[in-house]
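So you can see what is in the structure, the chains are spelled out below.
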Amino acid sequence: MMKNTPLFQPSRRQVLQSASSGFGYLAFSALSSLATQKSFGSNLNPLAPKAPHFAGTAKRVIFMAMQGAPSHVDTFDYKPQLTKDTGQDAKGYAKLLGSPFEFKQHGQSGLPISSLFPHLAKHADDLCIINSMHTDLPNHPQATTQMHTGNFQFVRPSMGAWTLYGLGTENDSLPGFITLSPPNGAQNYGSAFLPAIYQGTPIGKQARNRFVSQEARDAVQNIRNPQLSKELQRVQLDYVKSLNTEKLARDQYHPDVEGIIESYELAFRMQDELPEVMNLSDEPASVQALYGLNDRTTGAFAQQCIKARRLAEAGVRFIQINHGNWDHHRNLKGGLEQNCAEIDQPIAALLEDLKQRDMLKDTLVIWAGEFGRTPHGQNGNGRDHNNKGYSLWMAGGGVQGGLRYGATDDYGYQAIENKVHIHDWHATILHTLGLDHKNLTYQYAGRDFRLTDVHGDVVKGILS
Amino acid sequence: MNVFRPVFLYAFLFWCPLLLPAAEKRELSQEETEFFEKKIRPALVKHCYKCHAEEGDKVKGGLLLDTRETSLSGGDSGPAVVPFDLNESLLYLAITYEDSSLEMPPKYKLEEDVISDFKQWIEMGAPDPRDRQPKEGAPQEYTNTIDIDEGRQFWAYQAPHNPEIPEQVDANWVLQPIDHFVSQQHREKGLTPAADADARTLIRRLSFDLTGLPPSSAVVGSFVEAHNADRDHAIATAVKRLLDSPQFGERFGRHWLDVARYAESSGKEVNATFPHAWRYRDYVIDSFNADKPFDQFVLEQIAGDLLPANSAAQEAEHTVATSFLAIGTKGLNEQNARQFRFDLVDEQIDTTTQAFLATTAACARCHDHKFDPIPMSDYYAMAGIFLSSETLFGTAEALQNRKATDLIPLPAGAHSGTGVKPLAELIDLEFQKATLQENLDKLLTETREARRSGDGERATELRLQILRHQNQIGIADRILASYDDDGYPKPLSMGMKDLSSPFDSQILIRGEEDNPTDERVPRGFIQVVKTSDEEPISADESGRLQLAGWITSPENPLTARVYVNRIWSWLFGEGIVRSIDNFGSTGDEPTHPELLDYLAVRLIELDWSTKQLVQEIVTSRTYRMSSAFREDHFEKDPENHSLWRANKRRLDAEAIRDSALAVSGQLNLERPAGSLVSEAGDGFVGRNIQEDEINSETTYRSVYLPIARGLVPESLGLFDFADPSLLSGKREITTVPSQALYMMNSPFILKNAKAMASYLTTDIGLRGEELVSEAFYLCYSRPPTPGESERTTQFIERFLIVAKEEGLPPLEARLLALTTFCQSLIGSAEFRYLN
């Protein structure tokens, strides 16, 4: 009953009325617990670092999402039989299409990687390639949503939001979950029923947006107030907070208003911190060159990769960077060459750079698309969608390097050995972070929800 | 399970050009064969086969000209021969040496009479008697895997029945039939509806829902008074006033523009502007204001050009309506003309079926729909309709855009749009164009010479310059064509026309344009939805009119349901079916199935009147509930499926921006002529048209802001404006720090805060408490609570102390404090949330 809820206890009221009380205290309001949540520890700040369930091997995640579904048989899943049988009849009277790219073994581990990734191939011994991924649907929107949230049907929190909810973040002047230049679809970095503060903060316009200048793409908008000093702005924000807090008290339960209150506090601190983190001019020339920052082809993705590293260094928990245009129904060869030339060097540089800073060991780097492509051709030089078998790779953060895990059939149609479903993959990511996917739950609408729903097994075979 | 599976078998034949069936393998007349044999074949053998025949030395550019099929399908650059279409026929472009990047034969130009033979041949439809043995391999076939009769069992394909009005309800609560359905569910689930919202909350809700604007303090005051005297009467009067105001059309029109994925540029890589798209925007707004029956509205958007018109004005209106099908995203740099055509048609099918039927028919392009009973043959039945129509979207011709089309001249008397261009400017442009042309000719000559002398490097260098010249000429051409001799803009519109010879489409196996089945699917609709009044499509029409007739048939189980569900979501924040654009099996089921049916039937009874249906909904008891929180109810139904209270809703981006302008007295309620995109004119976003040119600041309502794809204005984009590349029935809501930064630091908000402060002090001369009270009224439609008053006073005091410490002069400090106070209200949560 109402009178039993702590809302009406004096301590709560004091908290609400104190305009200068700690950051984020509202997410802990007794009323959100109606909705709501199991806490980890007693800290009032919902973003404060929280102890994991057990000692993890990764402290943070850099997730490189490749929109459009990169072809696995042309990149990380070597299929000699497909090459041999190219031109033969396949399903539905289409013809098998061998990869136009040559695969070679690399590193001590001898991982086969196609000629599309000459730079990355040098890091073969760091890569943990999963060849046996599968997901539920071969449609971009649903599969993209499932990759990010585990569920394509309902609005559920994204894995970045779950991670932040589980671990908090180490820098309270930056959002704990940042997605750089995301494509459309806020659900993919959304927090759904988790408190709004766990939502990903998008920064920068779409990376491939050619309709705005480079400066406009990079600029962090509205980061300075032209007329108020920091102190005066603090006075203002205390006032805004008092108005919002009063509204929240009136509304009793209103997570969006909590989100607004917290986003103001975060924004206030971001004004100092963010421009500095996002300013790449102080990177030494050697680092800029390593990533290919000033090259026309690699420049845009190099930007994102360096920023990701800087954000990781600054203590951001979950960083997503994005690259698009992988939907090669046609022009597979030219399209892949272009895309891979854009990302190959920057990714290799990122791994190198993290390693030099001794951060690769506790940073989980992920490269993945929403599904793979058919071994048979489409439109001559293209491939159709394939959700039954595809590849992704991870590196650092406690996964085994130089490993090729699982397998598809001879042509690459279906995962057949050590199959890894999206739920398994999510469970494994959380595991490296020290979170048990079965225990990372949030109570909403009368039941406990989790990233993996009622599924998911940690893929033990890839852990180091 | 033994179910009936109709099987269509299509024997594999060759590539058959689908767009123009005249070019198929067919009996040629004696004359045609002779023309080919005498004029064309010898020329091909002599000038082309060396590099473009299987028997030749080596095949270049992937192009074979020794068979009919490969000539049509073309090589790497696209189809070599497109029957009837000189512009699309790369072979013709090459032999005329118009484009230095593609000059064939490379070493010499053909004689003029040979060129004109090719011209005549293509214009004849490229009759070609050459035949080739069919390829080895299995026949291409399409097998329908879907049982349509079984599919009809799904709720959404069953006709809405007029349900009985439930009587097991709270008799003291219900006002309208709508309330009976809601109340019945309350009873079933043990829920008590929230009390009525107070008068201020209600007028604010009505105002934003029906006009997208906050009520003025005077309106709030008089409503509260009237409400106290006679609540129902006060509400009815206010609703009528709001529905009659021109702002209603702007509000509901904007909702529809989300569904119509309205934008003023082509998007994707090339992103050419659509300077005439705004006519569709105005058409939509006017249609809602005129309360045009929804079935008529649908009819006009799909087939307006085919409807009879009583007047020139109506003819113009009908033409503009069909822009609906023309404003979609386009990959203008697609080299393959057939691919482009199919992508265009796909976008039209996708938008049409989702907008009106909440059905994702486009999933059936490459295979039978995986979840809904829609076979590929349904998709291609509709594809035939759109393929038999011509989509006119304009755009400037350029090397990266060989897809530019004409526009439709509107009858005299149509609004001429954006301002007059000074004659001098146009004359100047003519001169510029002439100079460009002259330079281009020189460059072309120089390139030819360079190539002949083997200086490939120089030729490549020149190519860039040539491209630039060609593009500038293309843009100049389009601009010059848009103005009459006196510098007045010509009234032009995007839109649709029927092709002179309509045809049925083949099925493309796996959606591959070069992989068609032999047989064609008769033009038609989605079979799972059958209506008894379907009109047959005759051989000489595209079928758009019949498609529109089938969609708007009162028997169509989807159209009315889908539309009332949209209206419901525009008023409640959620639909009765929550997956607004998907009534298929992967969508949500209705929370109140009988209410949905009741509303659908009611809409048709009301002759598809939007305003009347809205009027009934917003005068219901259900709409009137407060949003008060209740713990036990929340535990039972946190997402408010059963409507036990009003949803707390964030204002959409437009309403937030319009409100900021409104409270500062800056809002201009006029409708601008055209849009900033039409002022910028034809061109390419990010190339000759820059962001600041399009997105310069205005004080018009947000619905009139320029919407170029990829360049949505910041004020809208930050607050979850719908992606204009895709149809969108529901916007997302995010709460992120970049919104806070916008409210704290953006020039737009600061400017409006300043204007609001100046309005309060200078214009209406308020001071002290009165000023604070009026500011709250403006922003929240209510006076401040005692707590808020107290904190406002404390804020001003504290602000002045700190300002003094910082050495600000007292007068300046006061002004800044006042401005910052106004800004704080605009930035606060209540400003952007409806209770």
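The rules behind each value
- Residues numbered from 1 in each chain as written.
- Chains lettered and ligands numbered in written order.
- Predicted model: local features only at pLDDT ≥ 70, side-chain atom pairs only at ≥ 80, totals over all residues.
- Helix = DSSP H or I, 4+ residues; strand = E, 2+ residues; numbered from the N terminus.
- Buried ≥ 20, exposed ≤ 12 C-beta atoms within 10 Å, placed from the backbone.
- Contact = placed C-beta atoms within 7 Å.
- Rg over C-alpha atoms; globule rule 2.2 N^0.38 Å.
- Core = buried A, V, L, I, M, F, W, Y, C linked by C-beta atoms within 7 Å.
- Axes fitted to C-alpha atoms, helices over the stretch in contact; angles between N-to-C directions.
- Parallel < 35°, antiparallel > 145°, perpendicular 65-115°, else oblique.
- Left-handed = near helix turned anticlockwise from the far one by under 90°.
- Nonpolar A, V, L, I, M, F, W, Y, C, P; charged D, E, K, R; others polar.
- pLDDT = per-residue confidence, 0-100.
- Pairing = 2+ DSSP bridges.

Right, let's get into the overall build of chain A. Assigned secondary structure in chain A consists of 13 helices and 17 strands. Of all 464 residues assigned to chain A, the portion counted as buried reaches 57%. Pairs at least 24 apart in sequence give 72% of the contacts found in chain A among residues at least 6 apart.

The helix and strand tally for chain B stands at 33 helices and eight strands. Relative to its length of 835 residues, chain B is compact, with a C-alpha radius of gyration of 31 Å against a globular reference of 28 Å. A total of 835 residues make up chain B; the buried ones form 51% of that total. Considering only contacts in chain B between residues 6 or more positions apart, those separated by 24 or more positions represent 69%.

Take the nonpolar core next. Grouped together as the largest cluster of nonpolar side chains are 328 residues, with contacts concentrated most on A:Cys305, A:Ile319, A:Ile366, A:Trp393 and B:Ile826. Not counting residues within four places of it along the chain, the set of residues in contact with A:Trp393 comprises A:Phe76, A:Leu127, A:Cys128, A:Ile129, A:Ile130 and A:Trp367. With six residues, the next largest nonpolar core counts A:Leu82, A:Leu96, A:Tyr411 and A:Tyr413 among its residues.

What follows concerns the packing of helix H15 (residues 337–357) of chain B against helix H16 (residues 376–387) of chain B. Residues and elements named next belong to chain B. Direction vectors running N to C along H15 and H16 enclose 110°, while the axes themselves pass 9 Å from each other. With respect to H16, the element H15 is oriented roughly perpendicular. Considering only the axes of H15 and H16, their crossing is right-handed. In this structure, H15 uses Arg341, Val345, Gln348 and Ile349 to contact H16, whose residues at the interface are Tyr379, Met382, Ala383, Phe386 and Leu387. Each residue belonging to the contact of H15 with H16 can be placed in one class, and the counts come to seven nonpolar, one polar and one charged.

Each side of the interface is counted separately: chain A has 61 residues, and chain B has 54 residues. Among the elements of the structure, helix H2 (32–35), strand S6 (201–203), helix H8 (230–251) and helix H9 (255–278) of chain A are those that each provide at least two residues to the side of chain A that touches chain B. In terms of residue count, the dominant contributor to the side of chain A that touches chain B is H8(A) (13 residues). Split into classes, the residues belonging to the side of chain A that touches chain B amount to 28 nonpolar, 24 polar and nine charged.

Quick look at the confidence of the model for chain B now. Residues and elements named next belong to chain B. Across chain B, pLDDT averages 89, with 93% of residues at or above 70. Across residues 1–25 the pLDDT falls below 50, and counting only partners more than four positions away or on other chains, this stretch makes 58 contacts in the model. For the stretch residues 132–139, pLDDT sits under 50, and the model shows eight contacts to residues farther than four places along the chain or on other chains. Interface confidence for the predicted complex, given as ipTM, is 0.82, next to a pTM of 0.82.

Residues and elements named next belong to chain A. By the bridge criterion, three bridges tie strand S9 (residues 372–377) to strand S10 (residues 383–386) in an arrangement that is antiparallel. Looking at S10, one finds that Gly377 is bridged to Arg383. Between the antiparallel neighbours S9 and S10 lie five residues, among them Asn379 with a positive phi of about 50°.

Here chain A averages 87 in pLDDT, while 86% of its residues score no lower than 70. The low-confidence segment residues 1–43 of chain A (pLDDT under 50) makes 67 contacts with residues lying over four places distant or belonging to another chain.

The next point concerns unusual backbone geometry. All names here are of chain A. Look at Ser181: it is not a glycine, yet its phi comes out positive at around 45°. Note that Ser181 resides in the loop between strand S5 (177–180) and S6. With 24 C-beta atoms counted inside 10 Å, the residue Ser181 sits in the buried group. At Ala192, a position not held by glycine, the phi torsion is positive, near 45°. With respect to the element layout, Ala192 can be found in the loop between S5 and S6. On the basis of neighbour counts, which here come to 20 C-beta atoms within 10 Å, the residue Ala192 falls in the buried class.

Glancing now at helix H13 (residues 294–303) of chain B. One turn of the α-helix equals 3.6 residues, which is why residues spaced by three or four share an orientation. Residue and element names in this part refer to chain B. Counting buried positions over the ten residues of H13 gives nine, a clear majority of the element. For H13, the complete set of buried residues consists of Phe294, Asp295, Phe297, Val298, Leu299, Glu300, Gln301, Ile302 and Ala303. On its buried side, H13 packs onto helix H12 (278–289), helix H14 (312–321), H15, helix H19 (544–551), helix H20 (559–572) and helix H22 (610–618).

Here we take up the environment of A:Gly200. All names here are of chain A. With respect to the helices, strands and loops of the structure, Gly200 is situated in the loop between S5 and S6. Exposure remark for Gly200: the 26 C-beta atoms within 10 Å place this residue in the buried category. Linking Gly200 and Lys95, residues 105 residues apart in sequence, is a C-alpha distance of 42 Å. Residues in contact with Gly200, not counting those within four places in the same chain, are Ser158, Gly160, Ala161, Phe177, Ile178, Thr179, Tyr189 and Gln320.

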